[in-house]
Amino acid sequence: MINYFSDRENGPLPRTEEVITPVVWTAIVATVQGLINSGPS
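As the structure is a computational prediction, the values presented were derived from the model and not from experiment. (Residues numbered from 1 in each chain as written. Predicted model: local features only at pLDDT ≥ 70, side-chain atom pairs only at ≥ 80, totals over all residues. Heavy atoms only, no water.)

Asks: Residues and numbers for the overall build of the protein chain, please.
Replies: Helix and strand counts for the protein chain stand at two helices and zero strands. Here the C-alpha coordinates of the protein chain stretch approximately 55 × 20 × 10 Å along the principal axes. Counting every position in the protein chain, which comprises 41 residues, the buried fraction comes to 0%. On the protein chain, roughly 4,300 Å² of surface is accessible, and the fraction owed to carbon and sulfur atoms is 63%. (Helix = DSSP H or I, 4+ residues; strand = E, 2+ residues; numbered from the N terminus. Buried < 20%, exposed > 50% of the residue type's maximum accessible area, 1.4 Å probe, protein only. Areas by Shrake-Rupley, 256 points an atom, 1.4 Å probe, with all protein chains shown as cover.)

Below you can see the structure in the form of structure tokens.
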């Protein structure tokens, strides 16, 4: 992670994003499906 001067002086900005983008949803679904498919045989 990059350590910016403003973060050192003022602290990092709070994370306020509450929306999950379609790209992230796709990654989550792919991960869960991969885990389901690799489950016990």
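Don't stop here, the text continues.
Asks: Run through a nonpolar patch on the surface, naming residues and quoting values.
Replies: Residues Ile20, Val24, Trp25, Ile28, Val29, Val32 and Ile36 make up a contiguous nonpolar surface patch of roughly 610 Å² in combined accessible area. As for its position among the elements, Ile28 is in helix α2 (residues 22–37). Given a relative accessible area of 37%, Ile28 falls into the partly exposed group. (Patch = residues over 30% accessible without salt bridge, like charges linked within 9 Å, V, L, I, M, F, W, Y side chains within 5 Å. Salt bridge = Lys/Arg side-chain N within 4 Å of Asp/Glu carboxyl O.)

Asks: Could you give an account of the environment of Asn37, with specific residues and numbers?
Replies: Structurally, the position occupied by Asn37 is in helix α2. On a C-alpha basis, the gap between Asn37 and Gly11 in space is 42 Å, while along the polypeptide they are 26 residues apart.

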